[in-house]
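So the chains spell out like this:
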Amino acid sequence: MISAIVLAAGTSSRMKGPNKLLLPLLGRPLIHHVIESVAASSAVEVVVVTGHESARVQPALTGFDVTIAYNPQYARGQTGSVRVGVRAAHADALAYMICLGDLPLISTSDYDRVIALFRSCHASDPKAVVRPTYRGIPGHPVVFSGAWRKYLISETASTGCRNVLRRHAEHVIEMEWVNDHVVRDVDTPETYRTLLPFEALGQISDGFRKRRHDLK
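Overview of the structure. (Residues numbered from 1 in each chain as written. Predicted model: local features only at pLDDT ≥ 70, side-chain atom pairs only at ≥ 80, totals over all residues. Heavy atoms only, no water.)

**Describing the environment of Ala4**
Inference 1: Relative to the assigned elements, Ala4 resides in strand E1 (residues 2-8).
Inference 2: Note on Ala4: relative accessible area 0%, which makes it buried.
Inference 3: In the structure, Ala4 is positioned 81 residues away from Gly85 in sequence and 8.9 Å away in space, judged by C-alpha atoms.
Inference 4: Once residues within four sequence positions are removed from consideration, Ala4 is found in contact with Val38, Ala43, Glu45, Val46, Val47 and Met97. (Helix = DSSP H or I, 4+ residues; strand = E, 2+ residues; numbered from the N terminus. Buried < 20%, exposed > 50% of the residue type's maximum accessible area, 1.4 Å probe, protein only. Contact = heavy atoms within 4.5 Å.)

Dropping the structure here:
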């Protein structure tokens, strides 16, 4: 099985006030779009790691079949949230797909493409790691073989996941992406405003594209 872990614990410090995960997009919280796409993928389970303003973020997950794991040390960075998420996921998972809660343009089919490549690579390399990139920029989701589980739950350095990618490059397969959706996170008011044209187009997820087609 593939376990998806969505990191949704950050403080949104660069947003200068609002919690970026709760910003409105197509009439719903931004995080809602991410969870919708991940939950509809071929991942068998979805673990959402909350932290900052967890009591406000959690209601945005209502209606989804997800496991919520709280990271009390969310202010210390993503490594701790990865650790919490992997611990909450199935110990015998074939792989852990690390997703970011502020990448709303990644569609279900995008997640499934990364998973499909991982499955293909894992057949010949039990320690395979698959990572999408866009014009040389590393993106998400990153799929780690379950062989890295002990490492992911024991790493304490703030650059924990990156250590695997850097030190064990021979196991890393980079997947060049055709658009910037895998790197287009929402960290600042400026990056949030760049999403607003998508409000009119409805180009957020496969689900929205289908609904627009049905309305024609």
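**Points about unusual backbone geometry**
Inference 1: A cis amide bond links His140 to the next residue, Pro141, at an omega of 5°.
Inference 2: Within the element layout of this structure, Pro141 appears in the loop between strand E8 (137-138) and strand E9 (142-145).
Inference 3: For Glu53, which is not glycine, the phi torsion reads 50° and is therefore positive.
Inference 4: Structurally, Glu53 can be placed in the loop between strand E4 (45-50) and helix H2 (54-57).
Inference 5: A relative accessible area of 29% means that Glu53 is categorised as partly exposed.
Inference 6: Located in the positive-phi region is Arg135, a residue other than glycine, with phi close to 55°.
Inference 7: Structurally, Arg135 can be placed in the loop between strand E7 (129-134) and E8.
Inference 8: A relative accessible area of 69% means that Arg135 is categorised as exposed.

**With respect to helix H1 (residues 30-39)**
Inference 1: Of all 10 residues making up H1, 9 are buried, and the element is well covered by its neighbours.
Inference 2: Turning to H1, its buried residues number three or more, namely Leu30, Ile31, His32, His33, Val34, Ile35, Glu36, Ser37 and Val38.

**Here's the deal with the pairing of E7**
Inference 1: The buried fraction of E7 amounts to 6 of the 6 residues, a majority that puts the element mostly inside the structure.
Inference 2: Both faces of E7 are covered, namely the face carrying Val129, Arg131 and Thr133 and the face carrying Val130, Pro132 and Tyr134.
Inference 3: Inspection of the sheet shows E7 paired to E9 by 2 bridges, in the antiparallel sense. Paired with Val129 across the bridge in E9 is Phe144.
Inference 4: Bridge count between E7 and strand E10 (residues 172-176): 5 bridges; the pairing is parallel. The residue bridging Thr133 from the neighbouring strand is Glu176, located in E10.
Inference 5: Pairing of E7 with E8 involves 2 bridges; the strand directions are antiparallel. (Pairing = 2+ DSSP bridges.)

**With respect to the packing of aromatic side chains**
Inference 1: This structure, assessed with the given rule, holds 1 aromatic pair.
Inference 2: Aromatic side chains Trp148 and Tyr151 sit 6.4 Å apart centroid to centroid with 85° between the ring planes, which places their arrangement in the edge-to-face category. Each member of the pair, Trp148 as well as Tyr151, is classed as buried.
Inference 3: The ring of Trp177 is capped by Arg113, whose NZ or CZ atom sits 4.2 Å from the centre of that ring.
Inference 4: Positioned over the ring face of Trp148 is Lys127, at 5.6 Å from the centre of the ring. (Phe/Tyr/Trp six-rings, centres within 6.5 Å; stacked < 30°, edge-to-face > 60°. Lys NZ or Arg CZ within 6 Å of the ring centre and 35° of its normal.)

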